[in-house]
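Chain by chain, the residues:
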Amino acid sequence: MDLTYTEEEEAFRAGLRAWLSRALPQLPVKPDPLDWPGRRAYDTAWQRMLYDAGYAGLHWPEAAGGRGATPTQHLIYLEETEKAGAPYVGANFVGLLHAGPTIAAEGTPGQRARWLPPVLRGDEIWCQGFSEPDAGSDLAALRTRAVRDGDDYVVTGSKIWTSHAEVADWCELLARTDPDAPKHRGITWLALPMDAPGITVRPLRTLAGSAEFAEVFLDEVRVPVANRVGAENDGWRVTMVTLSFERGTAFVGEVVACRRTLAELAQTAKANGSWDDSALRRQLGSLNAEFTALWRLTQWNVSEAQRGGGVPGVGGSVFKLRYSHARQELFDTAARVLGPDALDLDRDLTLDRLSSLSYTIAAGTSQIQRNIVAERILGLPKGR
């Protein structure tokens, strides 16, 4: 992995910085973080600005509507947008980081033409319909059924922790199409239109007060067979592609954000006197080393994804496992630095601390990631 930058890459950085300096002042006032309809409008407007400037889907293949940027250019983009305080993907994250890359890798030419341009323009939002109330961490234990009826599947069941369902146009949905097959082999990946009859969305409020998740109930919802990505009953393999993006490259922008937060905490500690605590200084130094290492791992994972045809490998589980815990440690340390101010729910750091508690569960629990690392990387036998 070459960590130096070429003249071409530095020119790319300079051009991006110049555009950000012009574009960011044009943004409207950021909506309340709990206002997801407002957040959708804000996030999609930013996505359209990126699209018009040629930065949308920067690292996506040109055949998928992207710019075909190199991994290094992608990382420069993430660094510079975060340093400039540009909006993150927000409500667009499932479409841009999960469903879109999956369709780019596994979809037909017609599917790519239908769904990818609206994602890149910010015209359509996706949500994720994977987890179910009775499945726990065992995603393959899902019970939502999809029964073939002519040119449609008739889908019945329920999903939980469905990200941004209340503002989404589409859902990447997993359903069981062969109840008699082994549980990993009877699943199909479908693109579900969220305005189809028979769908009920019930928002879930998180510890931080946000309703970014929802329960989704499906009562004989008809989904065209043409909306199937991959072959029938091959959904588990397609899902592994989705999860490899979710764990391998979807968090890369957040690592940059955490490194910025860490620098801000050091400045705050120096200003409020807590820097005099040698134990706190050691913790901040340890976290600095941790996130520097995670950034290097991020660079490696992105480079590996490029060499692997754009799909990240199982190394993403190594990253996701450690990042989840490091993020929690970061915001626990933030509470030490802030003292009583850490209880102020109007502070972004307080909301981030509450949000960090979910990271060892979301996108696959830490226990699941350890199993993946043990079995697929270290070659250890399956546990009993």
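Remember, it's a predicted structure, so these values are computed and weren't measured experimentally.

> Lay out the overall build of the protein with the relevant residues and their values.
When you go through the protein residue by residue, the secondary structure sums to 11 helices and eight strands. By residue count, 51% of the 384 residues in the protein fall in the buried class.

> Got a sec to walk through the environment of Gly198? Specific residues and values, please.
Inspection of the secondary structure assignment puts Gly198 in the loop between strand 5 (187–193) and strand 6 (199–204). A sequence separation of 24 residues divides Gly198 from Arg222, and the C-alpha atoms of the two residues are 8.4 Å apart. Contact partners of Gly198, with chain neighbours within four places excluded, come to Phe217, Leu218, Asp219 and Val221.

> Would you mind going over the pattern of salt bridges in detail, with residue names and values included?
Counting across every chain of the model gives 22 salt bridges. Across the pair Arg13 and Glu80 runs a salt bridge whose closest N-O atoms are separated by 2.6 Å. Linking Arg13 in helix 1 (residues 7–23) with Glu80 in helix 3 (residues 71–83), this pair joins segments that are 67 residues apart in sequence. On the accessibility criterion, Glu80 (4% relative accessible area) is buried. The partner of Arg202 in a salt bridge is Glu215, and the shortest N-O contact between them spans 3.8 Å. Here Arg202 is found in strand 6, whereas its partner Glu215 is found in strand 7 (residues 213–224), with 13 residues between them in sequence. What makes Arg202 partly exposed here is its relative accessible area of 46%.

> Summarise the environment of Gly66; cite the residues concerned and give the values.
Note on placement: Gly66 falls in the loop between helix 2 (36–53) and helix 3. Judged by its relative accessible area of 18%, Gly66 is buried. Separated by 15 residues in the primary sequence, Gly66 and Tyr51 have C-alpha atoms spaced 9.5 Å apart. In contact with Gly66, other than residues within four places in its own chain, are Ala56, Gly57, Trp60, Pro61 and Leu120.

Definitions and limits used
Residues numbered from 1 in each chain as written. Predicted model: local features only at pLDDT ≥ 70, side-chain atom pairs only at ≥ 80, totals over all residues. Heavy atoms only, no water. Helix = DSSP H or I, 4+ residues; strand = E, 2+ residues; numbered from the N terminus. Buried < 20%, exposed > 50% of the residue type's maximum accessible area, 1.4 Å probe, protein only. Contact = heavy atoms within 4.5 Å. Salt bridge = Lys/Arg side-chain N within 4 Å of Asp/Glu carboxyl O.

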